[in-house]
Amino acid sequence: MLATHLDVFNIVQAKFLAAEVVKSINLNVSIVDGPQNNSNRILALVEYNNSFALFVLVSSRTQPVSFSDLSIETVVPVDQSFACETEPVAGQNHVILVIKYKQNRYEYNIEVGKESCNFAAELIRSKEVVSTSKPNFTWLEKYFGTMNQSNRNSDPISDQSEFVLVRDGMTQGQTAINRESMLRYQLKLRDSEFTQKQEFTIFVGTWNVNGQPCSASLRSWLSYDENPPDVYAIGFQEIDLSKEAFIFNDTPREAEWQKLVMDGLHPNAKYRLVALARLVGMQLAVMINNQHYQHVRNVSFDTVGTGLLGKMGNKGGVAVRLELHNTSLCFVNCHLAAHVEEYERRNQDYKDINARINFRRNPPAIKDHDQVYWLGDLNYRITDLSNTQVKVLLQRNETNALLKVDQLNQQRERGNVLLDYLEGDITFQPTYKFDLFTDVYDTSEKARPPAWTDRILWRGRGIHQLYYRSHMDLKVSDHKPVSALFKSEISVVDPTKYRKVHEDLLKKMDKHENEFLPQVTVDQTEVTFDLVKFREPQCRDIIIANTGVTIVLQNAELLQVPAEFEFIKKLDESFYCKDWLRIVPFSGSINPGEKCDVRLEVNLETDLDTLDDILVLHLKGGKDMFIIVNGTCQKSCFTQSLSSLVRIQVPILHLSDEEWNLARNNISPIYYSVPRELWLLVDYLYRHGLKTRDLFESCALHEELIHIRDWLDCGSQEPIPGTPQAIAESLLLFLSYTKDPVIPFELQDVCIAAANNFENCRQLILQKVNDIHRTVFLYVCMFLQELLRYSNDNGYDAKTLASLFGDILLRDQIRNSKPQASRGKANFVYNFLMNDLSSSLLPK
């Protein structure tokens, strides 16, 4: 199933109750002889309790992004009166689907393809099922809000002599949107009338497997309890530590570990995989007991790399969200920065994961779910105690004394991380670090102190932790697995009671149809940012308040109007804001009398003098509002062209406007073979970084990178600030954000095609690449050759460096936020690392 089709499928499913299962959909459907551009209909076959119905939905968008974009136009039960057939259309790639029901006939254009074939097969199968049974269609009653009262005591479907157009004339437009928004809100207010809490057991497990293969059974970990859990969420870290996995985000270990997981699940129940998310060495699998699978909907996942350049997946998080019955669940598996002293980087990683995980549906963020389970190798250590001191306290069983100096506990108390999460009492021994295949804490030369790096926390109502424990019998890694068992309250809908509340609300809303006018106020319509600098984010908050009308009924009951908003794109623009701006949230629903804080964040990564944008805040069912965003930018060497930088002899901020204009217009003379900033970074690494282990794999603190940027842009008599790892990341940043890539965009395909032959590659560089870019390319490659001479110290090989620098020297026009290197680009750079480059250097 294509990703787009799957997204729409989940959105359609969200339109129905959890027990009303969407079996198949057909997109891009239009009415035969209907108006032009009417292909925004979706056919959906829905099953409830072994009865089927065909729904025709209309989307207010070309592709819906939320179930509120869909309205139900037509409903027909699949019973003895139902019939369907297709009629070919000569010379065209579509057919006419003819639906017959009693005296009615409806015709739809559908495209011929795998999707339509699958839909037709499901439709035929549903007809076969009902032919051998007497299905009950009372579940469709709630979709017929305009039925006559005289039909209430009879079968509401079989008494209809034709298709019922649900709320005819209101399937599109502002009124329908307002009604649906208000109906959802009122249903939420009254959900206690048609839902009840049921307890589900949720097993959450985490294990850092240290890149080790595992052939042993996981049953002692995953099936530890007598009774089978309803839900499993199993997270791994470091399933593959190879350079190949790190660079290309590709590993066969995913399937191997997932098979072990499925084999290790509780033998007294059968489970189905709901979602599997992976980022390099992190993997998160969510499984559910088969008997509950039909009540799962709106499944989505996302990944965030917090490693090098904010995208490499050696550290970061993966998350899965779903709705079980009427409760939204979110599971987050993370692997945060390592080393005892790096707790600030761990805090930064946590904040990055929270800010950047986006499920692209409601709710899009981690924090907005009913229940959140956070697990993983958080890597927080024990502070200010030696290895010996920790072991002595453990021998004395003085666990509480150690937990007082546990970094995670300390950072949570200070409000820096996981502030609103809970963690159960830790009664087990530290799960890190052990000698492999033993229960003995680290006896290596490094002698790392034991620590509780592997943790499970949670937030949300109705969550009760039953157990929190480690599993010492699994010894293949230097970590021990950890698990927590929860008894969690899940909101389950009673269809009969739901239908009664639903109908009651529809009756009340019918009387006030024209009064549903949502209104909001915005506290500011012009947002001005301070001086904006390269990769130094700034934030401003605006407040959107719901000031809409409240309808008072005769019995003093209130019908209040929620306000649904979203930022929409302007004409002739592809996105709702400029690429330097991020809006969180960009859409949402505000309950009556409440407000929503919307954060505008600017992050400058291109060469701009000023920031200017006009945002269109669209109120569904209401008017549009306009918000002006502006600011002034500070130039930086990181966003300039190579041809401009070789024409300046001083730090860029020391140039007058006239000098800078001459340089960037290529009028000034060329002073350097390569930009001075590039030379300063590489020269430092020549002198201090050649023997540094994993030089390009450590993520620097944001403040370190800011100091290095300012040192290059402003100049200083002091030595360049930062560690070799921070300088190395700054070098990658410099090469990644110059105005044009080292190898021009138009040459990349031909370079990749020539990558199997060094002489062809060399001729391309000599003949097709201009002098400045050629010199920079060869300069970087010769530095990497020097780095390879110290491979025993720094741990690098030519393939790894070529893979890392291939995507930077041959940069894509559209920046990719996921860690997926190109093998073709890597092969091209590899040629220049393995061959003598002296013959490629041309005299000036």
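Position numbers for residues start from 1 in each chain and track the written sequence from start to end. pLDDT decides what is reported in this predicted model: residues at 70 or higher carry local features, side-chain atom pairs at 80 or more are listed and counted, and totals for whole chains, interfaces and linings draw on all residues regardless. To get the side-chain values, all heavy atoms of the structure are used, and hydrogens and water are removed first.

Under the annotation held in an unreviewed UniProt entry, the protein carries the name Rho-GAP domain-containing protein and is attributed to Dendroctonus ponderosae. UniProt positions are given in the numbering used here, feature names are shortened, and annotations may be inferred rather than shown by experiment. UniProt, in the comment section headed Sequence similarities (unreviewed entry), describes the protein in these words: "Belongs to the inositol 1,4,5-trisphosphate 5-phosphatase type II family."

To continue, consider helix H7 (residues 343-356). For the purposes of this entry, the term helix denotes a DSSP run of H or I that reaches at least four residues, the term strand denotes a run of E that reaches at least two, and both are numbered from the N terminus. By this rule, a helix spans an expected 1.5 Å times one less than how many residues it contains. The terminal C-alpha atoms of H7, which comprises 14 residues, lie 20 Å apart, in line with the 20 Å expected from a rise of 1.5 Å per residue. Buried means the residue's accessible area, taken with a 1.4 Å probe over protein chains only, is under 20% of the maximum for its type, while exposed means over 50%, and partly exposed covers the values in between. Among the residues of H7, Arg345, Arg346, Asn347, Asp349, Tyr350 and Ile353 are the ones counted as buried. Where H7 is buried, its residues contact strand S13 (296-305), strand S14 (316-324), strand S15 (327-335), strand S16 (371-377), helix H10 (407-413) and helix H15 (702-714). Residue contacts follow a heavy-atom distance rule, with two residues in contact if any of their heavy atoms lie within 4.5 Å.

Another aspect to go through is the pairing of strand S3 (residues 51-59). Of all nine residues in S3, nine are buried; the element is thus mostly enclosed. The two faces of S3 match: Ser51, Ala53, Phe55, Leu57 and Ser59 on one face and Phe52, Leu54, Val56 and Val58 on the other face are all buried. Two strands qualify as a pair provided that DSSP identifies no fewer than 2 bridges between them. With eight bridges connecting them, strand S2 (residues 41-48) and S3 associate as antiparallel partners. Within S3, the position partnered with Leu45 by the bridge is Leu54. The hairpin turn running from S2 into S3, its antiparallel successor, is two residues long, and Asn49 in that turn takes a positive phi close to 50°.

Here a salt bridge means any side-chain nitrogen of Lys or Arg lying within 4 Å of a carboxyl oxygen belonging to Asp or Glu. Following the criterion strictly, the structure yields 44 salt bridges and no others. With a closest N to O distance of 3.6 Å, Glu47 and Lys23 form a salt bridge. Taken as a pair, Glu47 in strand S2 and Lys23 in strand S1 (residues 21-31) lie far apart in primary sequence, 24 residues in all. Judged by its relative accessible area of 17%, Glu47 falls in the buried class. Classification of Lys23 by relative accessible area gives partly exposed; the value is 31%. Of the charged contacts in the structure, one is a salt bridge between Arg190 and Glu193, with a shortest N-O distance of 2.9 Å. Among the residues examined, Arg190 registers a relative accessible area of 14% and is labelled buried. According to the relative accessible area criterion, Glu193 is partly exposed, its value standing at 40%.

Quick look at the environment of Ala44 now. With respect to the helices, strands and loops of the structure, Ala44 is situated in strand S2. For the pair Ala44 and Gln13, spaced 31 residues apart in sequence, the C-alpha separation works out to 9.2 Å. Sequence-distant contacts of Ala44, defined by excluding residues within four places in its chain, comprise Val12, Ser24, Ile25, Ala53, Leu54, Phe55, Leu57 and Phe119.

Our next topic: the sheet that holds strand S26 (residues 581-584). Hydrogen bonding along the main chain pairs the strands of a sheet, whether they run parallel or antiparallel. A sheet is described by the order of its strands in space; here four strands give the open sequence S20-S22-S28-S26, paired in antiparallel fashion. Each edge of the sheet is formed by a strand with only one pairing partner; in this case those strands are strand S20 (520-522) and S26. Each strand axis lies, on average, 25° off the axis of its neighbour in the sheet, ignoring direction. Where S20 meets strand S22 (residues 538-546), three bridges bridge the pair, whose relative direction is antiparallel. Bridge pairing links Val522 to Ile544 in S22. Fitted lines through C-alpha atoms serve as axes, helices being fitted only where they are in contact, and the angles separating the N-to-C directions of these axes extend from 0 to 180 degrees.

What follows concerns the environment of Ser803. Residue position: Ser803 is located in helix H21 (residues 798-809). Given the relative accessible area of 6%, Ser803 is considered buried. Sequence separation of Ser803 and Asn827 is 24 residues, and the distance between their C-alpha atoms is 7.7 Å. Within polar-contact distance, the side chain of Ser803 engages the backbone oxygen of Lys799 at 2.8 Å. Polar contact is the term for a pair of N or O atoms within 3.5 Å; when the atoms are in protein, one must be able to donate a hydrogen and the other to accept it, and sequence-neighboring residues count only if both atoms are side-chain atoms.

Further remarks concern the sheet that holds S13. Strands sit in the order S13-S14-S15-S16-S17 across an open sheet of five strands; the sheet is mixed. Because the sheet does not close on itself, it has two edges, and the strands there are S13 and strand S17 (454-460). Strand-to-strand, the axes of this sheet are offset by a mean angle of 10°, without reference to chain direction. Its contacts with the sheet place H7 against S13, S14, S15 and S16, and it is angled at close to 135° to S13.

Residues enter patches when their relative accessible area tops 30% and they take part in no salt bridge; the joining distance is 9 Å for like charges and 5 Å for the nonpolar side chains Val, Leu, Ile, Met, Phe, Trp and Tyr. Accessibility throughout is a Shrake-Rupley quantity obtained with a 1.4 Å probe, and a residue counts as covered only by protein chains that appear here. A surface patch of nonpolar side chains, about 270 Å² in accessible area, is lined by Ile614, Phe626 and Ile628. Position of Ile614 among the secondary structure elements: in strand S29 (residues 610-619).

Let us look at the environment of Pro450. Assignment of secondary structure puts Pro450 in the loop between H10 and S17. According to the relative accessible area criterion, Pro450 is buried, its value standing at 0%. Linking Pro450 and Phe434, residues 16 residues apart in sequence, is a C-alpha distance of 8.1 Å. Once residues within four sequence positions are removed from consideration, Pro450 is found in contact with Ile382, Asn387, Val390, Lys391, Leu394, Pro430, Tyr432, Lys433 and Tyr441.

For Phe, Tyr and Trp, rings pair up if their centres lie within 6.5 Å, where Trp contributes its six-membered ring, and each pair is then called stacked (planes under 30 degrees apart), edge-to-face (over 60) or tilted (otherwise). What the rule picks out here adds up to 30 aromatic pairs. Relative to Phe236, the ring of Trp221 lies with its centre 5.9 Å away and its plane at 75°, an arrangement referred to as edge-to-face. With a gap of 15 residues between them, Trp221 in helix H4 (residues 219-222) and Phe236 in strand S10 (residues 231-237) connect regions that are remote in the sequence. Each member of the pair, Trp221 as well as Phe236, carries the same accessibility label: buried. Centre to centre, the rings of Phe565 and Phe567 are 6.5 Å apart; their planes meet at 85°, and the pair counts as edge-to-face. An identical accessibility class is assigned to Phe565 and Phe567; each is buried. Three or more aromatic residues joined by ring pairs form one cluster here, namely Phe16, Tyr48, Phe55 and Trp139. Only when the NZ of Lys or the CZ of Arg is both within 6 Å of the ring centre and within 35 degrees of the ring normal is a charge said to sit over the ring. We note Arg272 situated over the ring of Tyr293; from NZ or CZ to the ring centre the distance is 3.7 Å. It is Arg346 that lies over the ring of Tyr380; its NZ or CZ is 5.2 Å from the centre.

Turning our attention to the state of the cysteines. Cysteine sulfur atoms that pair up within 2.5 Å are treated as a disulfide. Evaluation of the coordinates by the stated rule reveals zero disulfides. Of all cysteine sulfurs, the one in Cys637 lies closest to Cys714, which takes part in no disulfide; the gap is 9.7 Å. Judged by its relative accessible area of 31%, Cys714 falls in the partly exposed class.

Once that is clear, we can look at unusual backbone geometry. With an omega of 5°, the peptide bond running from Tyr432 to Lys433 counts as cis. Looking at where Lys433 falls in the secondary structure, it is placed in the loop between H10 and S17. The linkage connecting Val584 with the following residue, Pro585, adopts the cis geometry, with an omega of -10°. When you line up the elements, Pro585 lands in the loop between S26 and strand S27 (587-590). One non-glycine residue, Asn28, lies in the positive phi region at around 55°. With respect to the secondary-structure elements, Asn28 resides in strand S1. You can call Asn28 partly exposed: its relative accessible area is 41%. Even without glycine at this site, Asn666 takes up a positive phi of about 60°.

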